[in-house]
Amino acid sequence: MSGYLRFPNINEVTISGRLVRDVEMKYLQNNVGFAKICIAVNYFYKDENGNFVEQPSFVDTIAYGKIAQNCTENLKKGSPVIIQGYLKTRTFTDQNNVTKKMTEVNITRVYPLERDENYVPNSEYRQSSNPNNNSNYSASPKPATANNPEEPDSFPTYDPNEFGSVNTDNDVPF
């Protein structure tokens, strides 16, 4: 085992941006719903004259099942979102019978960033301190997740001893 560096495979993506177009729900042959969502992500940099320049990137994402349905019902062109997911490359044949590959983000979680008109920040504190306040309030929205949306995230614990010893004799010195 000496000389091998073992590490966990990590394939996680988090991006924030705005939807380029309205979400359109489609269905696979087995009646599973999916939605292709294109997110515009802006990158800012200074040009040679010191002026800030905005350069957009367009990221293709895809959602399945309940997440796709929630996106279709709650998001529209221009909606600001945070998307979490993982990269996946798929192969397909286009209309000219040419095989192509496409890498996209498979969505596992969506955080809509639109303002909820009924949301009052820290309202649970205000309501408890003012007994005469009978107004209704909504808590901040929970993200739609690929797992059970009502259960908290459960991540496996990381044990560094599980990966054995690492030979550092051949490591790059930096």
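Shown above is the structure to which this text applies.
A brief report on the enclosed structure follows. Once a new chain begins, its residue numbering starts again from 1 and follows that chain's sequence as written. Predicted model: local features are reported for residues with pLDDT of at least 70 only, side-chain atom pairs are reported and counted for 80 or more only, and whole-chain, interface and lining totals are derived from all residues. Hydrogens and water are ignored here; the side-chain numbers use all heavy atoms of the structure.

### Concerning unusual backbone geometry
The condition that has to hold: Only DSSP runs of H or I covering at least 4 residues are called helices, and only runs of E covering at least 2 are called strands; the numbering of each starts at the N terminus.
Of note in the backbone geometry, Asn31 takes a positive phi value of approximately 65 degrees without being a glycine. In this structure, Asn31 sits in the loop between strand S2 (24-27) and strand S3 (33-46).

### Description of the side chain of Asn106
Formally: Residue contacts are counted whenever heavy atoms from the two residues lie within 4.5 Å of one another.
Structurally, Asn106 is set in strand S6 (residues 99-112). Not counting residues within four places of it along the chain, the set of residues in contact with Asn106 comprises Ile62, Tyr64, Gln84, Gly85, Tyr86 and Lys88.

### Details of the pairing of S2
Selection rule: Strand pairing requires that DSSP identify at least two bridges connecting the strands.
With four bridges joining them, S2 and S3 adopt antiparallel strand pairing. Each bridged residue has a counterpart across the sheet, and for Met25 the counterpart in S3 is Ala35. Adjacent in sequence and paired antiparallel, S2 and S3 are bridged by five residues, among which Asn31 carries a positive phi angle near 65 degrees.

### Structural notes on the side chain of Thr61
Under the convention used in this document: Classification of residues uses two cut-offs on accessible area relative to the type maximum, computed with a 1.4 Å probe and protein chains only: under 20% is buried, over 50% is exposed, and between them is partly exposed. Here a polar contact is recorded for every N or O atom pair within 3.5 Å, except that within protein the pair must consist of a potential hydrogen donor and a potential acceptor, and residues adjacent in sequence are included only if both atoms are side-chain atoms.
Along the chain, Thr61 turns up in strand S4 (residues 52-64). Judged by its relative accessible area of 1%, Thr61 falls in the buried class. Only 2.6 Å separates the side chain of Thr61 from the backbone oxygen of Ile37, close enough to count as a polar contact. Excluding residues that lie within four positions of it along the chain, Thr61 makes contacts with Ile15, Ala35, Lys36, Ile37, Ile39, Ile83, Val105 and Ile107.

### A few points about the pattern of salt bridges
Test applied: We define a salt bridge as a contact between a side-chain nitrogen of Lys or Arg and a carboxyl oxygen of Asp or Glu at a distance within 4 Å.
A full pass over the atoms with the stated rule returns two salt bridges. Arg90 is the partner of Glu104 in a salt bridge, and the nearest nitrogen-oxygen pair spans 2.7 Å. In this pair, Glu104 is assigned in strand S6 and Arg90 in strand S5 (residues 80-93), connecting sequence segments 14 residues apart. In this structure, the salt-bridge partner of Asp94 is Lys100, at a minimum N-O distance of 3.4 Å.

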